[in-house]
Amino acid sequence: MTYFIASLITFIFTTVLTIAGVGAAFILIPVFVALGVPLLTAMSTALLLNSIAMAVASFYNAKAGLIVYKTALPILIFAALLSPVGAITAEHLSRTLLLWLFVGFLIFAGSMMLWYKPKKREISEHKKLIIYGVGVGGFAGYVGGLLGVGGGNLIVPALVWLGFDPKKASATTAFIVIFSSFSGFLGHISLGNIDHNLLILCAIGSIAGAVLGNYLMRKKLSAPQVKKVIGVVLYIIAAKMIWDLIK
C-alpha cells in the first residue's frame with residue numbers, strides 16, 4: 001500500500017513540476033522518507049525519477065522545437081565545471097546563512113515570475129545564446145555547489161529574466177535536469193541504494209505525470225500562465241527549505 005501511495009504522490013507532484021521544467025526530487029525525497037523509505041534509497045529513487053520524467057518531457061519538447069540546445073549545452077558544461085568550486089567555497093562559509101540567503105533569492109525570483117513583465121523578445125543570435133548559456137551555467141553550477149541544491153530552480157528564472165519565452169525556459173531546463181539528476185543517481189546506485197518495487201511503481205506515476213504536465217505546458221497553458229506556475233513552484237521550494245531550516 002505504501003508503494004501505491006508513493007506512486008500517486010509522484011504522479012501529482014511530477015505533473016505540476018514538469019510544467020515548470022524542474023524535477024520533483026526535492027519534494028519526493030522527504031515524502032518517501034515520511035512513508036518509511038530509507039533516506040539513501042529515497043534519494044536515489046527520486047533522482048532517477050527526475051531523469052525519467054524530464055526525459056519523457058524532453059521527447060515532446062524536442063518535437064515541438066522548445067529546447068534551446070545552443071544554450072542548454074553550455075549550461076551543462078559550465079554548471080559541471082563550477083559546481084565543485086561552489087562546494088569548496090561552502091566549506092569556509094556558514095551553510096545555514098547561505099541557505100537563508102537562497103530562500104530570499106527564491107522568494108524574490110518567485111515574485112518576479114508572478115508579477116514582473118519583462119519586455120517580450122525572441123533571442124535567436126547564435127553567439128548570444130551561447131554566452132547566456134555560459135553565464136547561467138556558471139551561476140547555477142556555482143550556487144548549486146555552494147548550497148548543495150539542484151540548479152534547475154536557478155536556471156528557469158534566469159532564462160526568463162534574460163528574455164527567453166517561459167515555455168522554452170522550462171523545456172531547456174527540463175533537458176538539463178535529465179543529466180544532472182542521472183549523474184546524482186549514479187553516485188547513489190553505486191552504493192546499492194535502490195528498491196526495485198518502489199522504483200517500478202513510482203516510475204509509472206512519474207511517466208504519467210510527465211506526459212500530463214508536459215501536455216498542459218505545451219497545449220493548454222499560455223506563456224504567462226507557465227511563468228506563473230514557475231513562480232508558484234519557486235515559492236514551494238522556498239517554503240520547503242524554510243521548513244527544513246526551522247524544524
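Up top is the structure these notes are about.
Bear in mind that the values here come from a model prediction, so they are computed numbers and not experimental data.

Secondary structure summary: the protein contains ten helices and zero strands in total. Ordered by position in the sequence, the α and β elements of the protein form the string α-α-α-α-α-α-α-α-α-α. Scaling as 2.2 N^0.38, a compact globule of 247 residues should have a C-alpha radius of gyration of about 18 Å, and the protein matches this with 17 Å. Counting only C-alpha atoms and orienting by the principal axes, one finds that the protein spans roughly 50 × 45 × 30 Å. Within the protein, the fraction of its 247 residues that count as buried is 47%.

To continue, consider the packing of helix H2 (residues 25-34) against helix H3 (residues 39-63). Where H2 meets H3, the closest approach of the two axes is 9 Å, and the angle between their N-to-C directions is 145°. For H2 against H3, the interelement crossing comes out right-handed. Contact with H2, carried on its side by Ala25, Leu28, Ile29, Phe32 and Val33, involves Leu39, Ala42, Met43, Thr45, Ala46, Leu47, Leu49 and Asn50 of H3 and no other residues of that element. Among the residues forming the contact of H2 with H3, the class breakdown is eleven nonpolar, two polar and no charged.

A full pass over the atoms with the stated rule returns one salt bridge. Across the pair aspartate 244 and lysine 240 runs a salt bridge whose closest N-O atoms are separated by 2.7 Å. Here aspartate 244 and its partner lysine 240 are both found in helix H10 (residues 223-246), four residues apart, which amounts to about one turn of the helix.

Counted under the stated rule, the structure contains nine aromatic pairs. Pairing tyrosine 69 with phenylalanine 175 gives two aromatic rings, centres 5.3 Å apart and planes at 85°, and the pair type is edge-to-face. With tyrosine 69 in helix H4 (residues 69-90) and phenylalanine 175 in helix H8 (residues 166-189), the pair connects residues that are 106 residues apart, well separated along the chain. With 5.2 Å between their ring centres and 75° between their planes, phenylalanine 175 and phenylalanine 179 make a pair best called edge-to-face. Of the two residues, phenylalanine 175 and phenylalanine 179 both sit in helix H8, four residues apart, roughly one turn of that helix. On the basis of relative accessible area, phenylalanine 175 is assigned to the buried category, the value being 13%. Classification of phenylalanine 179 by relative accessible area gives partly exposed; the value is 42%. The rings of Phe102, Phe105, Phe108, Phe139 and Trp161 are connected pair by pair, giving a single aromatic cluster.

Taken together, the buried positions of H2 are occupied by Ala25, Ile27, Leu28, Val31 and Phe32. Projected down its long axis, H2 shows its buried positions confined to an angular sector of 150°, all on one face. If you follow the buried residues of H2, they end up packed against helix H1 (2-20), H3, helix H9 (196-220) and H10. Among the residues trailing H2, glycine 36 stands out with phi positive, at a value near 100°.

Two elements in contact, H1 and H9, have axes separated by 7 Å at closest approach and are oriented at 25°. As the angle between them shows, H1 and H9 are arranged roughly parallel. Along this stretch, H1 crosses H9, giving a crossing that reads as right-handed. In the contact of H1 with H9, the residues fall into 13 nonpolar, eleven polar and no charged.

On to the side chain of asparagine 50, then. Along the chain, the position of asparagine 50 falls in helix H3. By relative accessible area, which is 9% here, asparagine 50 ends up buried.

The terminal C-alpha atoms of H10 lie 35 Å apart, and with 24 residues this matches the ideal 34 Å at 1.5 Å per residue to within 8%. Val226, Lys227, Val229, Ile230, Gly231, Val233, Leu234, Ile237, Ala238 and Met241 are the residues of H10 that are buried.

Note on placement: alanine 57 falls in helix H3. As a C-alpha pair, alanine 57 and isoleucine 207 span 150 residues in sequence and 8.7 Å in three-dimensional space. Apart from residues no more than four positions distant in its own chain, alanine 57 is found in contact with Thr18 and Asn214.

The next thing to look at is a nonpolar patch on the surface. Nonpolar side chains collect at one region of the surface, where Met1, Phe4 and Ile5 lie side by side and expose about 370 Å² of accessible area between them. Mapping phenylalanine 4 onto the fold places it in helix H1. Look at phenylalanine 4 and you get exposed, because its relative accessible area is 56%.

Reading guide: rules and limits
Residues numbered from 1 in each chain as written. Predicted model: local features only at pLDDT ≥ 70, side-chain atom pairs only at ≥ 80, totals over all residues. Heavy atoms only, no water. Helix = DSSP H or I, 4+ residues; strand = E, 2+ residues; numbered from the N terminus. Rg over C-alpha atoms; globule rule 2.2 N^0.38 Å. Buried < 20%, exposed > 50% of the residue type's maximum accessible area, 1.4 Å probe, protein only. Axes fitted to C-alpha atoms, helices over the stretch in contact; angles between N-to-C directions. Left-handed = near helix turned anticlockwise from the far one by under 90°. Contact = heavy atoms within 4.5 Å. Nonpolar A, V, L, I, M, F, W, Y, C, P; charged D, E, K, R; others polar. Salt bridge = Lys/Arg side-chain N within 4 Å of Asp/Glu carboxyl O. Phe/Tyr/Trp six-rings, centres within 6.5 Å; stacked < 30°, edge-to-face > 60°. Arc of directions from axis to C-beta. Parallel < 35°, antiparallel > 145°, perpendicular 65-115°, else oblique. Expected span 1.5 Å × (residues − 1). Patch = residues over 30% accessible without salt bridge, like charges linked within 9 Å, V, L, I, M, F, W, Y side chains within 5 Å. Areas by Shrake-Rupley, 256 points an atom, 1.4 Å probe, with all protein chains shown as cover.

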